[in-house]
Amino acid sequence: MKNLGVLWVLLALAVVVLAAGIPYWRLPYAEINRGHFAVLPGAAFLGFLTLILVVAEVARVKLIAVTMLLAVPLIDIVSIAKDTAADPTSHNLWPFELVIAALSGAVVVLPAVGIGLAVRWAMARIKV
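On a predicted model such as this, the values are computed, not experimentally measured, just so you know.

Considerations on the overall build of the protein
On a plain count of helices and strands, the protein comes out with five helices and zero strands. Beginning at the N terminus, the succession of helices and strands in the protein can be written as α-α-α-α-α. Over its C-alpha atoms, taken along the principal directions, the protein stretches across nearly 60 × 30 × 20 Å. The proportion of buried residues among the 128 residues of the protein is 33%. Put simply, of all contacts in the protein between residues at least 6 apart along the chain, 75% involve residues at least 24 apart. Total accessible area on the protein stands at roughly 8,000 Å², and carbon and sulfur atoms take up 74% of it. Distance between charge centres in the protein, computed from 9 positive and 6 negative side chains, equals 19 Å.

Right under this line is the structure:
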């Protein structure tokens, strides 16, 4: 299974980007910062898939973590491209947006990786 691990991780990344991105991309830019909860299921899905990938040991933990950390910035990059195509002045501070997106993704992915490692450790201890 580890031979196909990279493909599983990339497939999970694509699924998360689409599952979390489509509701986010449908929101008008002016309404994104008003506390929309349309992105919460996508964030939960990102954490869940990260946890499953780590527990199933489909690839190295570092590869899983780095790849899944790219999900939220990728969603934001598509949003920036879409919005600036309609209005070039809509994302004047896009570098800061990307940093905030990366931090937001880290808030979901890093605890999921930690929990996944703890579950793997506990499962290894139970088997002994």
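Here we look at the nonpolar core
By size, the foremost hydrophobic cluster in this structure holds 21 residues, and its most contacted members are Leu53, Ile64 and Met68. Counting residues per element, the ones that place at least two in this core are helix 1 (5-26), helix 2 (40-55), helix 3 (61-69), helix 4 (71-86) and helix 5 (94-127). When residues no more than four places from it in sequence are discounted, the contact partners of Leu53 are Trp8, Val9, Ala12, Val58, Ile64 and Met68.

Looking at the packing of helix 4 against helix 5
Direction vectors running N to C along helix 4 and helix 5 enclose 150°, while the axes themselves pass 8 Å from each other. As the angle between them shows, helix 4 and helix 5 are arranged roughly antiparallel. Judged by the sense of rotation from one axis to the other, the crossing of helix 4 with helix 5 is right-handed. Residues Val72, Pro73, Asp76, Ile77 and Ile80 of helix 4 lie in contact with helix 5, whose contacting residues are Trp94, Glu97, Leu98, Ala101, Ala102 and Gly105. Classifying every residue of the contact of helix 4 with helix 5 gives eight nonpolar, one polar and two charged.

Quick look at the confidence of the model for the protein
Close inspection of predicted coordinates is inappropriate in any region flagged by low pLDDT. On average, residues of the protein carry a pLDDT of 89, and 91% of them reach 70 or more. When mean pLDDT is compared element by element in the protein, helix 3 scores highest at 96, while helix 4 scores lowest at 91.

A closer look at the environment of Met68
By secondary structure assignment, the location of Met68 is in helix 3. Distance in space between the C-alpha atoms of Met68 and Leu46 is 7.5 Å, their sequence separation being 22 residues. The residues contacting Met68, other than those within four sequence positions of it, are Val9, Ala12, Leu13, Val16, Leu46, Leu49, Thr50, Leu53 and Val109.

Concerning the pattern of salt bridges
Evaluated as defined, the whole model comprises two salt bridges. Between Arg120 and Glu57 there is a salt bridge, and its shortest N-O distance comes to 4.0 Å. Here Glu57 lies in the loop between helix 2 and helix 3 and Arg120 lies in helix 5, a separation of 63 residues in the sequence. Using a relative accessible area of 22% as the deciding quantity, one classes Arg120 as partly exposed. The shortest N-O distance in the salt bridge between Asp83 and Lys82 comes to 3.1 Å. On the basis of relative accessible area, Lys82 is assigned to the partly exposed category, the value being 37%.

Here is what the cut-offs are and how they apply
Residues numbered from 1 in each chain as written. Predicted model: local features only at pLDDT ≥ 70, side-chain atom pairs only at ≥ 80, totals over all residues. Heavy atoms only, no water. Helix = DSSP H or I, 4+ residues; strand = E, 2+ residues; numbered from the N terminus. Buried < 20%, exposed > 50% of the residue type's maximum accessible area, 1.4 Å probe, protein only. Contact = heavy atoms within 4.5 Å. Areas by Shrake-Rupley, 256 points an atom, 1.4 Å probe, with all protein chains shown as cover. Lys, Arg positive; Asp, Glu negative; His and termini not counted. Charge placed at Lys NZ, Arg CZ, Asp CG, Glu CD. Core = buried A, V, L, I, M, F, W, Y, C linked by side-chain atoms within 4.5 Å. Axes fitted to C-alpha atoms, helices over the stretch in contact; angles between N-to-C directions. Parallel < 35°, antiparallel > 145°, perpendicular 65-115°, else oblique. Left-handed = near helix turned anticlockwise from the far one by under 90°. Nonpolar A, V, L, I, M, F, W, Y, C, P; charged D, E, K, R; others polar. pLDDT = per-residue confidence, 0-100. Salt bridge = Lys/Arg side-chain N within 4 Å of Asp/Glu carboxyl O.

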